[in-house]
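So you can see what is in the structure, the chains are spelled out below.
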Amino acid sequence: MKSRAHRFKENAAASLANPVLQANLRTAKGKFVDKRAIAIKELDDFEATREAAKDIRNRVLEHLDLWLEKFEEVACARGAKVLWAKDGEEVCRLVVEIGKQHGVKKAVKSKSMLSEEAGLNQALEAAGIRPVETDLGEYILQINDNEPPSHIIAPVVHKSLDEVADLFAKTHKTPRKTDIPALTREAREVLREHFLSAEMGISGGNFLIAETGSVALVTNEGNGRMVTTLPRVHVVITGIEKVIPTLEDLATLMRLLPRSATGQSISNYVSLLTGVKAAGESDGPEHLYFILVDSGRAGLVGSEFQDMLRCIRCGACMNHCPVYQTIGGQAYGWGYPGPMGSVLTPLYTGLENALDLPHAATLCNQCGVVCPVKIPLPDLLRRLREKQLENHLRPWFERMALKAWAWVAERPSLYALATRFGVRYLAWLAGGQKSIPLLGIAPGWTQGRDFPAPEGKTFRELYRARSR
Amino acid sequence: MKVALFVTCLIDLMRPRVGFAALELLTAAGGEVEVPETQTCCGQPAWNSGDRASAIRLAKKLIAEFEGFDYVVVPSGSCADHIKHEYPAILGDEPEWQARAVALGRRVYELTDFLVHVVRLEAVPGRFAGRVTYHDSCTGLRSLGIKAQPRALLKRAGVEVLEMNGAEECCGFGGTFSVKFGEISAAIAERKCANACATGAAAIVGGDLGCLLNIEGKLRRMGDETTQVLHIAEVLTAKS
Ligand code: SF4
């Protein structure tokens, strides 16, 4: 997927000006936040479970290479092939090769963030393989001219029923309907044909379990089952950080993932897929491939950003983020929106390609307190800001202003003098009014609100005068 | 008990009366209160903007100015937390300074936390006529656990608190965020103001001036000239 993260400000302005999106964001916010709050109350040891989940993920990251080798060994013993991809390009190349080898004309897909990162659909199309998204949300985006997703688990959360109704009528050439069950039935009918005719299924993976060589898929629609069991060939594409040691670890993480994501105590489907169809078995693929992708992950191991690799892609951080709630996910410009995206996008696509993202957060730490694996997201955002400054990636004016302000703040007498003039200037601007409608030195502030006038003298001056 | 007041740069510049209100509360609590004269800013804006070098220098300056006191009280949850919890990280490469930061951190309190948990102020000096709604500022709430303290004090002052929806949600201030992403920031503030006004309270009260200026600025832009926006120290020392 091509990143549009460098256009964050324009993207955000467009989101703010879109009334349909704003209405949808308001509804979605209530749903996700309230449901999660109820769901975590069912756990009497929620905090302890978070701590345990964090430990599991940390344990893996400390010896990521060993756990991956273990996974490879066990998965291969069950008849799977494990392939390694350095980046998105390699992912595309490998999938196309597999497709050609097995004479694939059509591939059905269920959610895979990595295939989105890699831009796999375009590569498949170029190679004459038709990719069909089968997650309802992803399907809607695909038939809407490959619109980018706005959320990692609810990719069309920004869309209204009316928009979908129009889209279905146009694409399926059926009478327009706004009854949701009828719309889903229509999608099922269209997709069923594809499930039955596709030679290859492509899925992501929520977790890879080292002790059994399995992939765990956490879904709500059931399409994941079709994609992974009906076609002859199944390709799992996922990041190398997704491995966990045992099934017991999976059980711990599963207490948190659906609750944090959608407020469900368990998702509708949890599939554990292990190996190829054995002799005498009636379903499952004849060929199973795991493509385990680096794409910048290995570089984070051992770095100051390693904590981010704990992420289990639940989306809670974005659902609770005041900025995400205001502008939606597409504004972030890549597959990963919200706080996790503001950390991942610059790390995976280059600091210089997402300069706004680490700053587009109030550091309110609502994300940090809901994250099921306790990733200190605000802290990571702050470190990215530091990295930008170190690499001279901030505008000259901003760097100078920051330096000048700090320089003065270190010199109390100068600071006293500067602030004395500063507040008088602001008070003069206010001209006796309670607030200033347009502030030349900080136009951003007065874009959408007034700047309250200062009292006119500093505390320092008044306190001095009083103690005399 | 030697108490130092760290006024914070925003209060120094924008709302000196909040500083004096804090002084009055601390005096009422029986403390011998000093306001070290060379204080400026805790350095949070530098740290949050990624300027580690400046953040280090300002941290050291503040530590040297305040470490001689029994307690350091700050009428802002976000500045208090910066000193208490971020300084040790900021000074992580200099063990000696880090130890001084940790030692100071133990004696740093947000104002309402100090009044309720350390000096147990029962007789609040002010009287405020009118019902209020309270905005829980993010850092105070999530890093220092400031939630019950301001409400307890307001109760002692006879002030009724009308809880708004989403009291714990961010107001959209976020320091430099409010200037860099003015439109987004103001849109978040609008939700906060709508929730606050829906309570019918006469005043929106909080413990962090940054948030309060943001909320006040948005209210006035929305044409609301009557709802007051006050720091809790002002309410607790009000003479109405
Ligand atoms: S960062 Fe935490 S909250 Fe956000 S998606 Fe990842 S696991 Fe979930």
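Residues numbered from 1 in each chain as written. Chains lettered and ligands numbered in written order. Predicted model: local features only at pLDDT ≥ 70, side-chain atom pairs only at ≥ 80, totals over all residues. Heavy atoms only, no water.

**Q** Any chance you could break down the overall build of chain B for me, citing the residues and the numbers?
**A** In terms of helices and strands, chain B carries 13 helices and seven strands. For chain B, the spread of C-alpha atoms along the three principal axes comes to 50 × 40 × 25 Å. Once local pairs closer than 6 in sequence are excluded, the contacts in chain B between residues at least 24 apart make up 78%. Split by element, the accessible area of chain B, about 8,100 Å² in all, is 52% carbon and sulfur. Computed over 26 positive and 29 negative side-chain charges, the separation of the two mean positions in chain B equals 2 Å. (Helix = DSSP H or I, 4+ residues; strand = E, 2+ residues; numbered from the N terminus. Contact = heavy atoms within 4.5 Å. Areas by Shrake-Rupley, 256 points an atom, 1.4 Å probe, with all protein chains shown as cover. Lys, Arg positive; Asp, Glu negative; His and termini not counted. Charge placed at Lys NZ, Arg CZ, Asp CG, Glu CD.)

**Q** I'd like to hear about a nonpolar patch on the surface, residue by residue, with values.
**A** On the surface, a nonpolar cluster with roughly 420 Å² of combined accessible area is contributed by Trp-407, Leu-414, Leu-417 and Phe-421 of chain A. Topologically, Leu-414 of chain A is positioned in helix α20 (residues 412–430). (Patch = residues over 30% accessible without salt bridge, like charges linked within 9 Å, V, L, I, M, F, W, Y side chains within 5 Å. Salt bridge = Lys/Arg side-chain N within 4 Å of Asp/Glu carboxyl O.)

**Q** Tell me about the sheet that holds strand β7 (residues 233–239) of chain A, residues and numbers included.
**A** Residue and element names in this part refer to chain A. Overall, parallel pairing links the six strands, which are arranged β1-β10-β7-β4-β2-β3 in an open sheet. Of all strands in the sheet, those bounded by a partner on one side alone are β1 (81–85) and β3 (130–133). Between one strand axis and the next, the sheet turns by 25 degrees as a mean value, whatever way the strands run. Of the strand pairs in this sheet, strand β4 (residues 200–203) and β7 are connected by four bridges, and their pairing is parallel. Following the sheet pairing, Gly-201 is matched in β7 by His-234. (Pairing = 2+ DSSP bridges. Axes fitted to C-alpha atoms, helices over the stretch in contact; angles between N-to-C directions.)

**Q** Lay out the sheet that holds strand β9 (residues 269–273) of chain A with the relevant residues and their values.
**A** Residues and elements named next belong to chain A. Across the sheet, which stays open at both edges, the four strands sit in the order β8-β5-β6-β9 with mixed pairing between neighbours. The open sheet has two free edges, formed respectively by β8 (243–244) and β9, since each of these has just one partner strand. Pairing between strand β5 (residues 207–209) and β8: two bridges, direction parallel. By the bridge assignment, Ile-209 is partnered in β8 with Ile-244.

**Q** An account of the site of the ligand is requested, with residue identities and associated values reported.
**A** Taken together, 13 residues sit near the ligand, with Cys-311, Cys-314, Gly-315, Cys-317 and Cys-371 of chain A positioned nearest. Here the shell around the ligand is built from residues that sort into eleven nonpolar, one polar and one charged. (Near = heavy atom within 4 Å. Nonpolar A, V, L, I, M, F, W, Y, C, P; charged D, E, K, R; others polar.)

**Q** So what about the side chain of Thr-458 of chain A? Which residues, and what values?
**A** Summarising the element assignment, Thr-458 of chain A is placed in the loop between β12 (451–452) and α21 (459–467). Filtering out sequence-adjacent residues up to four positions away, Thr-458 of chain A remains in contact with Thr-419, Arg-420 and Val-423 of chain A together with Asp-12 and Pro-16 of chain B.

**Q** An account of the packing of aromatic side chains is needed here, citing residue identities and associated values.
**A** Residue and element names in this part refer to chain A. Evaluation of the coordinates by the stated rule reveals 16 aromatic pairs over all chains. Between Phe-71 and Phe-290, the ring centres sit 5.0 Å apart and the planes meet at 85 degrees, which makes this aromatic pair edge-to-face. Here Phe-71, found in helix α4 (residues 64–77), pairs with Phe-290, found in strand β10 (residues 287–293); they are 219 residues apart in sequence, far enough to count as distant. The exposure class assigned to Phe-71 is buried, which follows from its relative accessible area of 0%. Residue classification places Phe-290 among the buried positions, given a relative accessible area of 0%. (Phe/Tyr/Trp six-rings, centres within 6.5 Å; stacked < 30°, edge-to-face > 60°. Buried < 20%, exposed > 50% of the residue type's maximum accessible area, 1.4 Å probe, protein only.)

**Q** Tell me about the environment of Leu-153 of chain B, residues and numbers included.
**A** All names here are of chain B. The residue Leu-153 is located in helix α9 (residues 148–156) in this model. With 41 residues separating them in the primary sequence, Leu-153 and Thr-112 have C-alpha atoms 7.6 Å apart. Ignoring sequence-local partners within four residues, the contact set of Leu-153 consists of Thr-112, Leu-115, Val-116, Leu-121, Val-124 and Leu-236.

**Q** Could you give me a rundown of the domain arrangement of chain B, with the residues and numbers involved?
**A** Many structure descriptions define interface size as the accessible area lost when the parts assemble. Residues and elements named next belong to chain B. The domain architecture assigned to chain B consists of domain 1 (2–118) and domain 2 (132–236). Distance from the C-alpha centre of domain 1 to the C-alpha centre of domain 2: 22 Å. Roughly 1,900 Å² of surface becomes buried between domain 1 and domain 2 when both sides are summed, with 71% attributable to carbon and sulfur atoms. The tally of links from domain 1 across to domain 2 stands at two salt bridges. Every element with two or more residues in the side of domain 1 that touches domain 2 is listed here: α1 (9–14), α2 (16–28), α5 (77–90) and α7 (111–118). (Domains from an automatic or database assignment. Buried area = accessible area lost by both parts, 1.4 Å probe.)

**Q** Summarise the domain arrangement of chain A; cite the residues concerned and give the values.
**A** Per the domain assignment, the segments making up chain A are domain 1 (43–298) and domain 2 (407–467). On a C-alpha basis, the centroid separation for the pair domain 1 of chain A and domain 2 of chain A is 55 Å.

**Q** I'd love a proper account of the interface of chain A and chain B, names of residues and values included.
**A** If you look at the interface, chain A gives 61 residues, while chain B gives 60 residues. A combined buried area of about 5,400 Å² lies between chain A and chain B, and 59% of that area is made up of carbon and sulfur atoms. Where chain A packs against chain B, one counts nine salt bridges. Across the pair Arg-221 of chain B and Asp-450 of chain A runs a salt bridge, and its minimum N-O distance is 2.7 Å. At the surface where chain A touches chain B, the tally comes to 34 residue pairs in polar contact (both at pLDDT 80 or more). Contributing elements (two or more residues each) for the side of chain A that touches chain B: α1 (8–16), α15 (322–327), α17 (366–370), α18 (377–390), α19 (396–409), α20, β12 and α21 of chain A. Broken down by class, the residue content of the side of chain A that touches chain B amounts to 30 nonpolar, 13 polar and 18 charged. (Polar contact = N/O pair within 3.5 Å; in protein donor to acceptor, adjacent residues only side chain to side chain.)

**Q** Provide a residue-level description of the pairing of strand β6 (residues 203–206) of chain B, including the pertinent values.
**A** All names here are of chain B. The alternating pattern of β6 places Ala-203 and Val-205 on one face and Ile-204 and Gly-206 on the opposite face, and all of these are buried. Examined bridge by bridge, strand β5 (residues 132–135) and β6 share four bridges and lie parallel to one another. Bridging from a neighbouring strand, His-135 pairs with Gly-206 of β6. As judged from the four bridges shared by β6 and strand β7 (residues 228–231), these two strands associate in the parallel manner. Its bridge partner lying in β7, Ala-203 is registered against Gln-228. The parallel pair β6 and β7 is bridged by helix α12 (residues 209–221), and the resulting crossover is right-handed. (Right-handed = clockwise from strand over helix to strand, strands pointing away.)

**Q** A description of unusual backbone geometry should follow, citing residues and the corresponding values.
**A** Residues and elements named next belong to chain A. Even without glycine at this site, Lys-374 takes up a positive phi of about 55 degrees. Structurally, the position occupied by Lys-374 is in the loop between α17 and α18. Overall, the relative accessible area of 25% leaves Lys-374 in the partly exposed class. A positive phi angle is found at His-392, which is not glycine, with a value near 55 degrees.

**Q** An account of α12 of chain B is needed here, citing residue identities and associated values.
**A** All names here are of chain B. For α12, with 13 residues, the first-to-last C-alpha span of 18 Å sits near the 18 Å given by 1.5 Å per residue. In terms of burial, α12 is a largely internal element, twelve of the 13 residues being buried. Every buried residue of α12 is accounted for by Leu-209, Gly-210, Cys-211, Leu-212, Leu-213, Asn-214, Ile-215, Glu-216, Gly-217, Lys-218, Leu-219 and Arg-220. One or two positions beyond α12, positive phi appears at Gly-223, with a value near 90 degrees. (Expected span 1.5 Å × (residues − 1).)

**Q** Go over the environment of Tyr-134 of chain B, please, and point to the residues and values.
**A** Residue and element names in this part refer to chain B. Inspection of the secondary structure assignment puts Tyr-134 in strand β5. The spatial distance from the C-alpha of Tyr-134 to the C-alpha of Arg-106 is 27 Å, given a sequence separation of 28 residues. When residues no more than four places from it in sequence are discounted, the contact partners of Tyr-134 are Pro-150, Arg-151, Leu-154, Val-161, Leu-162, Met-164, Ala-167, Val-205, Gly-206, Gly-207 and Ile-232. Side-chain polar atoms of Tyr-134 contact the backbone nitrogen of Gly-207, separated by 3.4 Å.

**Q** Give a detailed account of the packing of α19 of chain A against α20 of chain A, specifying residues and quantitative values.
**A** Residues and elements named next belong to chain A. Orientation of α19 relative to α20, taken along the N-to-C sense of each, is 120 degrees, at an axis distance of 7 Å. For the pair α19 and α20, contact is made by Trp-407, Val-408 and Ala-409 and by Leu-414, Tyr-415 and Ala-418, respectively. Across the contact of α19 with α20, the residue classes break down as six nonpolar, no polar and no charged.

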